[in-house]
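What follows is each chain in one-letter form.
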Amino acid sequence: MTQPRPIYGLMAEFKTPEQILAATQAAHAAGYRRMDAYTPYPVEGLAEELDLPRTRVPMVVLIGGLVGAAGGYFMQWWAAAHDYPLNVGGRPYHSWPAFIPITFELMVLVAALAAILGMFFLNKLPEPYHPVFNVPRFDRASQDRFFLCIEATDSHFDAVATRALLQSLQPVGDVVEVPY
Amino acid sequence: MATEAPLPTTEARPDHLPSDEPSYLAPGHSFRTVTDKISSIVLARPTPAAWLICFAINLALLMLLAYAVVYLLVRGVGIWGINIPVAWGFAITNFVWWIGIGHAGTLISAILLLLHQKWRTSINRLAEAMTIFAVMCAGLYPLLHLGRPWFFYWLAPYPDTMGLWPQFRSALVWDVFAVGTYFTVSLLFWYMGMIPDLATLRDRARSRFAQIGYGILAMGWRGSARHWYRFETAYLLLGGLATPLVVSVHSVVSADFAIAVLPGWHETVFPPYFVAGAIFSGFAMVLALCIPLRFFYGLQDFITDNHLDAMAKVLLATGFLTSYGYFIEQFMAWYGTNPYERSVYTNRAFGDYAGIYWTLIFCNAVAIQILWFKRMRRSPLVLLFVSYLVLLGMWLERFMIITSSLHRDFLPSSWGVFRPTFWDYATFAGTIGLFFVLLLVFLRLLPMISISEMRALLPGTHAHEEGR
């Protein structure tokens, strides 16, 4: 027998959020870990069924906010009290209450940039090519259908057994291979 | 389509929903119909004639703006009616008015997100777009008002060869940071929320050009559960960041006035009074946009009468907060016994600008009282009329605060009256054109309602938005 062409994984299509949740649960119970669900909107509970680790996005945002606040305050202190001290109405050079608004704004700015760029970075976006797009019906994942893909790199993956498992979950049509 | 499974539709309302909760989506919709209806506005349906007419009118106004700005750059700010004592005139009035309008967009997208208000879903995309375009219009005015707009970059803190820094103790510099942050965060929030919808458009587009264009903007979004998990976390955090931001922005704008010692400006009530007024005028603009849009595009299923009702209630509540500001200003002037303060407030009500004062009191405090009646809150025509009155009233309020305070300060020898010129009006009309041109282009090219969030709004969908 010739070596089969390597594939990314096997994919099943479902109609409802209940089905994708049940299918993910069943696949997880069968020991699969390297898999992903693709849905047209965020289905609550999928992250738990997939056993995803806690996201690092909040930590990235916290660090961004602290950097923004500290950097913003330092910039104002450095400019107004150190580099070019300017006497305005006899007020102290290090007039901290007047520095609070810009400190706050820069905290929000850097934290927001961290939230969005951090989300993109952790999601590895932009990623124009991905094997799942090779599945002809996958355009429905952004519209009205729910897909579960078990990846070939999973240690439990077996071309026959995995297909049988997915097929037993009553997907729409047949389970399809996801080619590279 | 008959062959499609009729899964989950709004007819099958789950039992745990209280029956008296208003519905924010007409019955009979499914994932497919929601997707079809919103994306077809951009991808399939022909450009409506009303769109073309509006675009032509507003493009003409935009050309007027270009003309007015070029003339301003050639001749200087003297073409406007501003002079001493009223040096701020229309430019700053328009700045405060436009930026206030933007605030409703952030309130809808961020604060109502945190409060789990379902009715935000069908209007948040449009309201966020309104925010971005309004802030663009607002940002033009302080720049043009600088006198030498080509040196605008002196406002940025960068190590220049002159060895100078911006004056960080000045409220005007705070403004640069507040408005800059506000614009950046609003734009990113808007774009990020749109990525799943851009993927939908990419997958539904027929023409190669549209597929590639939306494909680039969608960044390869594939709806992975891992991606959604981080996306939702980031989106919620952005909502949490934008909420204090929106309050801070108009507070900083009010500090432009409140920090000064001028009677009529030097008020501790200004930050909350300005923020309430901003949301008030912004909701009026959201209504003024939503009502014609749902009519012309037939979106009554998504922007329901219940939405109008909810927005009208916000309008009424923020109108009262703003009216409280008018009342407490007058009260403190009387109670504080400062003769300059008293004179300014007497002058507002009975002086050169009395007509403006009483018109704005009518628009902002009296006209909204009709919204106590449920039938009026659900009547698009009444709401449209009230929202126009509020937009006018809020513009007059900003004008009143700036002009009536400046035109008579401490020294009678330096009193004067502000008279706007043709160029003042032309620039204002021009930014209205700019706003609507941007908005119309947005309506034509991008989904005006968040498709992915509308899908989640269907009952039985296991999403955060569902069934609350």
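Every residue gets a number counted from 1 within its own chain, in the order that chain's sequence is written. For this description, chains carry letters from A and ligands carry numbers from 1, given in the order in which they are written. Restriction of local features to residues with pLDDT of at least 70 applies here, the model being predicted, together with a cutoff of 80 or more for giving and counting side-chain atom pairs; totals for whole chains, interfaces and linings are based on all residues.

As for the overall build of chain B
Here is step 1 of the chain: Along chain B, the regular secondary structure elements total 15 helices and zero strands.
Here is step 2 of the chain: Our radius of gyration looks at C-alpha atoms and nothing else; its globule reference is 2.2 Å times the residue count to the power 0.38. On C-alpha atoms alone, chain B measures out to a radius of gyration of 24 Å, which is about the 23 Å that the 2.2 N^0.38 rule sets for 468 residues.
Here is step 3 of the chain: Comment: burial labels come from other C-beta atoms within 10 Å of the residue's own C-beta, placed from the backbone, where a count of 20 or more is buried, 12 or fewer is exposed, and between is partly exposed. Among the 468 residues that make up chain B, the fraction classed as buried is 50%.
Here is step 4 of the chain: Working definition of a contact: two residues with C-beta atoms, positioned from the backbone, lying within 7 Å. Of the contacts formed within chain B by residues at least 6 apart in sequence, a portion of 80% connects residues at least 24 apart. Per the convention used, a helix needs a DSSP run of H or I reaching at least four residues, while a strand needs a run of E reaching at least two, with both numbered from the N terminus.

Brief notes about the overall build of chain A
Here is step 1 of the chain: Each helix and strand in chain A was counted, giving five helices and four strands.
Here is step 2 of the chain: Listed N to C, the secondary structure of chain A is β-α-β-α-α-α-β-α-β in terms of helices and strands.
Here is step 3 of the chain: Over its C-alpha atoms chain A spans a radius of gyration of 25 Å, topping by over 25% the 16 Å that the globule rule assigns to 180 residues.
Here is step 4 of the chain: Overall, chain A is about 85 × 35 × 30 Å in size when its C-alpha atoms are taken along their principal axes.

As for the interface of chain B and chain A
Here is step 1 of the chain: Contact with chain B, which involves 53 residues of that partner, is made by 58 residues of chain A.
Here is step 2 of the chain: Elements represented by at least two residues in the side of chain B that touches chain A include exactly helix H1 (31–43), helix H5 (171–204), helix H7 (225–258) and helix H15 (451–457) of chain B.
Here is step 3 of the chain: Per-element tally for the side of chain B that touches chain A: the top contributor is H7(B), with 16 residues.
Here is step 4 of the chain: Grouping the amino acids of the side of chain B that touches chain A by side-chain chemistry returns 30 nonpolar, 15 polar and eight charged. Polar here means any residue other than Ala, Val, Leu, Ile, Met, Phe, Trp, Tyr, Cys and Pro, which are nonpolar, and Asp, Glu, Lys and Arg, which are charged; Gly is therefore polar.

Here's the deal with the sheet that holds strand E2 (residues 35–38) of chain A
Sheet strands pair via backbone hydrogen bonds, and the direction of the pair is either parallel or antiparallel.
Residue and element names in this part refer to chain A.
Here is step 1 of the chain: Strand pairing is assigned whenever DSSP identifies at least 2 bridges connecting the two strands. The strand order E2-E3-E1-E4 describes an open sheet built from four strands, whose pairing is antiparallel. The open sheet terminates on both sides in strands that have one partner only, identified here as E2 and strand E4 (176–179). Each strand of the sheet is rotated relative to its neighbour by a mean of 30°, with strand direction disregarded.
Here is step 2 of the chain: Two elements, strand E1 (residues 7–14) and E4, share four bridges in a ladder whose sense is antiparallel. Axis geometry follows a simple rule: fit a line to the C-alpha atoms, using only the stretch in contact for helices, then measure angles between N-to-C directions, giving values from 0 to 180 degrees.

Section: the nonpolar core
Here is step 1 of the chain: As used throughout, a nonpolar core is a set of buried Ala, Val, Leu, Ile, Met, Phe, Trp, Tyr and Cys residues joined through C-beta atoms within 7 Å of each other. Counting 192 residues, the largest nonpolar core has A:Ala115, A:Leu148 and B:Val286 as the members making the most contacts within it.
Here is step 2 of the chain: Looking at this core, the element that brings in the most residues is H7(B), giving 17 residues.
Here is step 3 of the chain: Apart from residues no more than four positions distant in its own chain, A:Leu148 is found in contact with A:Met11, A:Ala12, A:Phe14, A:Ile20, A:Ala23, A:Thr24, A:Ala27, A:Met35 and A:Ala37.

Concerning the environment of B:Trp51
Residue and element names in this part refer to chain B.
Here is step 1 of the chain: With respect to the element layout, Trp51 can be found in helix H2 (residues 49–75).
Here is step 2 of the chain: Overall, Trp51 belongs to the partly exposed group, with 15 C-beta atoms counted inside 10 Å.
Here is step 3 of the chain: When the C-alpha positions of Trp51 and Leu411 are compared, they lie 52 Å apart, and in sequence the two are 360 residues distant.
Here is step 4 of the chain: When residues no more than four places from it in sequence are discounted, the contact partners of Trp51 are Leu440 and Arg444.

Focus: the packing of H1(B) against H5(B)
Residues and elements named next belong to chain B.
Here is step 1 of the chain: Where H1 meets H5, the axes come as close as 11 Å, and the angle between the chain directions of the two elements is 75°. Considering the angle they form, H1 stands roughly perpendicular to H5. Residues Thr35, Ser39, Val42 and Leu43 of H1 touch H5, and the partners they reach there are Thr200, Leu201 and Arg204.
Here is step 2 of the chain: Counted by class, the contact of H1 with H5 contains three nonpolar, three polar and one charged residues. The cut-offs work like this: below 35 degrees is roughly parallel, past 145 is roughly antiparallel, 65 to 115 is roughly perpendicular, and the gaps in between are oblique.

Details of the packing of helix H3 (residues 89–114) of chain B against H7(B)
Packed helix pairs are specified by the crossing angle of their axes together with the interaxial distance, meaning the distance between the axes.
All names here are of chain B.
Here is step 1 of the chain: Where H3 contacts H7, the two axes come as close as 8 Å, and the packing angle between them is 155°. In terms of their interaxial angle, H3 and H7 are classed as roughly antiparallel. Like other packed secondary-structure pairs, H3 and H7 cross with a definite hand, here left-handed. Two secondary-structure elements touch here, H3 through Val96, Ile99, Gly100, His103, Thr106, Leu107, Ala110, Ile111, Leu113 and Leu114 and H7 through Gly239, Gly240, Ala242, Thr243, Val246, His250 and Val253. The crossing is said to be left-handed when, going from far helix to near helix, the turn is anticlockwise and less than a right angle, and right-handed when the turn is clockwise.

Focus on helix H1 (residues 17–29) of chain A
All names here are of chain A.
Here is step 1 of the chain: Between its first and last C-alpha, H1 extends 18 Å over 13 residues, near the 18 Å set by a 1.5 Å rise per residue.
Here is step 2 of the chain: Within H1 the residues assigned to the buried category are Pro17, Ile20, Leu21, Ala23, Thr24 and Ala27. The buried residues of H1 occupy an angular sector of 165° when the element is viewed end-on, so they sit on one face.
Here is step 3 of the chain: Among the structural elements, E1, E2, helix H2 (46–49), strand E3 (146–151) and helix H5 (159–168) are those in contact with the buried residues of H1.
Here is step 4 of the chain: Where H1 ends, the next residue or the one after it, Gly31, has phi of about 100°, a positive value. To estimate how far a helix should reach, multiply one less than its number of residues by 1.5 Å. By definition, the arc is the one covered by directions from the helix axis to the C-beta atoms.

Comments concerning unusual backbone geometry
Here is step 1 of the chain: In this structure, A:Pro126 follows A:Leu125 across a cis peptide bond, with omega equal to 0°.
Here is step 2 of the chain: By secondary structure assignment, the location of A:Pro126 is in the loop between helix H4 (96–122) and E3.
Here is step 3 of the chain: Put simply, B:Ile84 and B:Pro85 share a cis peptide bond, and its omega is 10°.
Here is step 4 of the chain: Structurally, the position occupied by B:Pro85 is in the loop between H2 and H3.
Here is step 5 of the chain: The backbone of A:Lys124 sits at a positive phi, close to 55°, despite the residue not being glycine.
Here is step 6 of the chain: Here A:Lys124 is to be found in the loop between H4 and E3.

Some details on the confidence of the model for chain B
Residues and elements named next belong to chain B.
Here is step 1 of the chain: A score from 0 to 100, pLDDT tells how confident the predictor is in each residue. Per-residue confidence for chain B gives a mean pLDDT of 90; residues scoring 70 or more make up 94%.
Here is step 2 of the chain: Every residue in residues 1–8 is under pLDDT 50, and counting partners more than four places away or in other chains gives 13 contacts.
Here is step 3 of the chain: Here residues 11–19 scores under 50 on pLDDT; set against residues more than four positions off or in separate chains, the count is 10 contacts.
Here is step 4 of the chain: At the level of chain-chain contacts, confidence expressed as ipTM amounts to 0.94, with global pTM at 0.92.

Side note on the pairing of E3(A)
The side chains of a regular strand alternate, first on one face of the sheet and then on the other.
Residue and element names in this part refer to chain A.
Here is step 1 of the chain: Counting buried positions along E3 gives six out of six residues, so the element sits mostly inside the fold.
Here is step 2 of the chain: Residues Phe146, Leu148 and Ile150 of E3 are buried on one face, and the alternating residues Phe147, Cys149 and Glu151, pointing to the opposite face, are buried as well.
Here is step 3 of the chain: Pairing of E1 with E3 involves six bridges; the strand directions are antiparallel. Among the inter-strand pairings, Gly9 is bridged to a residue of E3, identified as Glu151.
Here is step 4 of the chain: Across four bridges, E2 lies against E3 in antiparallel orientation. In the strand pairing of E3, Met35 is matched with Ile150.

Some thoughts on the environment of B:Gly239
Residue and element names in this part refer to chain B.
Here is step 1 of the chain: By the secondary structure assignment, Gly239 is in helix H7.
Here is step 2 of the chain: Exposure remark for Gly239: the 18 C-beta atoms within 10 Å place this residue in the partly exposed category.
Here is step 3 of the chain: In sequence terms Gly239 and Ser450 are 211 residues apart; their C-alpha atoms lie 16 Å from each other.
Here is step 4 of the chain: Leave out the neighbours within four places in its chain, and Gly239 touches Ala110, Leu113 and Leu114.

Focus: the environment of B:Cys137
Residues and elements named next belong to chain B.
Here is step 1 of the chain: Mapped onto the elements, Cys137 comes out in helix H4 (residues 124–145).
Here is step 2 of the chain: Separated by 108 residues in the primary sequence, Cys137 and His29 have C-alpha atoms spaced 37 Å apart.
Here is step 3 of the chain: Setting aside residues no more than four positions away along its own chain, Cys137 makes contact with Trp98, Thr431, Leu434 and Phe435.

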